[in-house]
Amino acid sequence: MIVRNPPSLGTVDTGLRDAMGASVGVSCETCHDPAHPDALARKGEVPQDFHGGISVAHGELGCASCHAPEDRTRLRLADGTTVPMREVLQLCGQCHGPKLRDFSKGSHGGGRGFWDRSRGPWVRDSCVACHAAHAPAYPLVMPAPPPNDRFLPRAGHEELAHD
Ligand code: HEC
Ligand code: HEC
Ligand code: HEC
Ligand code: HEC
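Model, not experiment: these values are computed from the prediction. (Residues numbered from 1 in each chain as written. Chains lettered and ligands numbered in written order. Predicted model: local features only at pLDDT ≥ 70, side-chain atom pairs only at ≥ 80, totals over all residues. Heavy atoms only, no water.)

Trainee: Explain the site of ligand 4 here, please?
Mentor: Around ligand 4 lies a shell of 13 residues, among which His108, Cys127, Cys130, His131 and Tyr138 are the nearest. The side chain of His131 places a nitrogen or oxygen atom 2.8 Å from a nitrogen atom of ligand 4. One nitrogen or oxygen atom from the side chain of Tyr138 is found 3.3 Å from a nitrogen atom belonging to ligand 4. For the shell around ligand 4, the elements supplying multiple residues, two or more each, are α2 (97-105) and α3 (127-130). Among the elements that take part in the shell around ligand 4, α2 stands out by supplying three residues, more than any other. A breakdown of the residues in the shell around ligand 4 according to their chemical character gives six nonpolar, five polar and two charged. (Near = heavy atom within 4 Å. Polar contact = N/O pair within 3.5 Å; in protein donor to acceptor, adjacent residues only side chain to side chain. Helix = DSSP H or I, 4+ residues; strand = E, 2+ residues; numbered from the N terminus. Nonpolar A, V, L, I, M, F, W, Y, C, P; charged D, E, K, R; others polar.)

Trainee: Got a minute to help me understand the pairing of strand β2 (residues 11-17) in this structure?
Mentor: A regular strand places its side chains on the two faces of the sheet in alternate fashion. The buried fraction of β2 amounts to zero of the seven residues, a small share that puts the element mostly on the outside. The sheet contact formed by β2 and strand β3 (residues 23-27) spans four bridges and is antiparallel. Residue Val12 lies in a different strand from β3, and its bridge partner there is Val26. A loop of five residues connects β2 with β3, the two strands running antiparallel in sequence, and Gly21 in this loop sits at a positive phi of about 90°. (Buried < 20%, exposed > 50% of the residue type's maximum accessible area, 1.4 Å probe, protein only. Pairing = 2+ DSSP bridges.)

Trainee: Just to check I follow, could you spell out the coordination of the iron atom of ligand 2 for this structure?
Mentor: Geometry reference: four tetrahedral donors at a metal, ideal angle 109.5 degrees. Six octahedral donors, ideal angles 90 or 180 degrees. Donor atoms from the polypeptide that bind the iron atom of ligand 2 are His67 (NE2) and His134 (NE2), placed at 2.0 Å. Coordination at the iron atom of ligand 2 is octahedral, judged from the six donor atoms that bind it and the angles of 88 to 178° they form at the metal. Here the residue His67 occupies a position in the loop between β3 and β4 (74-76), and His134 occupies one in the loop between α3 and α4 (158-161), the gap between them amounting to 67 residues. (Donors = N, O, S within 2.8 Å, 3.2 Å for Na, K, Ca; no water. Tetrahedral: all angles 85-135°; square planar, octahedral: opposite > 155°, others 65-115°.)

Trainee: Mind showing me how you'd approach the environment of Cys66 here?
Mentor: By the secondary structure assignment, Cys66 is in the loop between β3 and β4. In this structure the C-alpha to C-alpha distance between Cys66 and Leu77, which are eleven residues apart in sequence, comes to 6.6 Å. Here Cys66 is in contact with Arg74, Leu75, Arg76 and Leu91, once residues within four sequence places are set aside. (Contact = heavy atoms within 4.5 Å.)

Trainee: In this structure, what is going on with the packing of aromatic side chains? I would like to understand it.
Mentor: Given two aromatic rings, one states the distance between the centres and the angle between the planes to describe the pair. Applying the stated criterion to the full structure yields zero aromatic pairs. One residue, Arg124, lies across the ring of Phe103, its end atom 4.1 Å from the ring centre. Its guanidinium or amino end placed over the ring of Trp122, Arg124 lies 4.2 Å from that ring's centre, counting from NZ or CZ. (Phe/Tyr/Trp six-rings, centres within 6.5 Å; stacked < 30°, edge-to-face > 60°. Lys NZ or Arg CZ within 6 Å of the ring centre and 35° of its normal.)

Trainee: Looking at this model, I keep getting lost on the nonpolar core. Mind explaining?
Mentor: Generally speaking, soluble globular proteins have nonpolar side chains that are buried together. Within the largest apolar cluster, eleven residues are counted, these being Cys28, Leu75, Leu77, Val83, Met85, Val88, Leu89, Leu91, Phe103, Cys127 and Val128. The element contributing the most residues to this core is helix α1 (residues 88-95), with three residues. Dropping the residues within four chain positions of it, Val88 is found in contact with Asn5, Leu75, Ser126 and Val128. (Core = buried A, V, L, I, M, F, W, Y, C linked by side-chain atoms within 4.5 Å.)

Read these as layout, nothing more, since geometry by itself doesn't imply function.
Encoded structure:
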């Protein structure tokens, strides 16, 4: 199984575009030197405009629940060990075990590639391709009219409804 992370993983978006139209990101090491780690400030005390104005609403979690204080290019697991950002499934899975189990069996998160694994790999999207790590809750949406179907009466068109 191949798990694809978004190309922007672990970078701060600058809002700029390169010549190919892709967004330009800044990596954590640009500002955070792992050789000179600072203790993490408490949630809310750091001006987040350094980070493109992120705001975190994921239960009551603070930054250090997920980011390693000593090396911010890495993620911190609950037992204190750290993993590279690309191993984000391990981070999510330790709190969302049933979802990671469903994901590994293919009943959550979709997939592409080959059903017959002897012919090619199964390609999956990582959790953060679909869920925003900092604010995973689904926004409420306004209900919209149903799609038009030429074989069904159209909403709001009385004359068709009485055919
Ligand atoms: C443009 C500079 C810049 C970049 C790039 C940057 N940071 Fe920061 N970050 C800061 C500054 C400044 C602080 C506040 C001082 C500190 O705690 O080191 C900070 C603080 C933090 C904190 C502590 C926040 C708190 O409220 O306790 C975390 C966690 C963090 N950064 C993670 C990251 C990660 C992960 C990346 C890369 C994906 C990153 N930063 C990229 C400038 C930056
Ligand atoms: C639930 C775990 C979790 C918490 C809590 C969390 N982060 Fe993150 N953060 C991640 C993951 C995973 C990524 C990489 C995902 C991506 O880039 O799409 C990330 C990405 C980032 C980035 C890169 C830019 C971006 O928006 O993706 C910065 C900067 C950052 N985090 C800083 C922080 C700071 C500062 C805090 C606390 C105020 C914090 N994070 C809280 C998991 C978390
Ligand atoms: C340390 C534990 C922890 C970690 C790590 C964690 N989560 Fe969560 N997550 C929670 C909690 C607690 C809630 C419930 C928040 C609430 O009810 O407001 C939650 C809620 C969610 C939701 C549901 C939001 C909703 O309102 O329906 C999604 C989706 C989600 N997390 C995805 C992720 C992803 C993706 C990652 C990895 C980047 C991750 N979580 C990492 C603890 C965690
Ligand atoms: C291809 C997109 C996609 C991927 C990849 C994905 N999810 Fe989801 N996830 C969804 C959608 C859509 C929903 C809402 C419908 C549902 O509950 O299945 C959801 C719902 C959730 C919820 C909320 C469930 C609830 O009952 O409220 C959690 C938690 C979650 N996902 C965690 C994860 C984790 C952890 C991963 C990675 C192992 C992951 N997801 C991968 C699309 C995705």
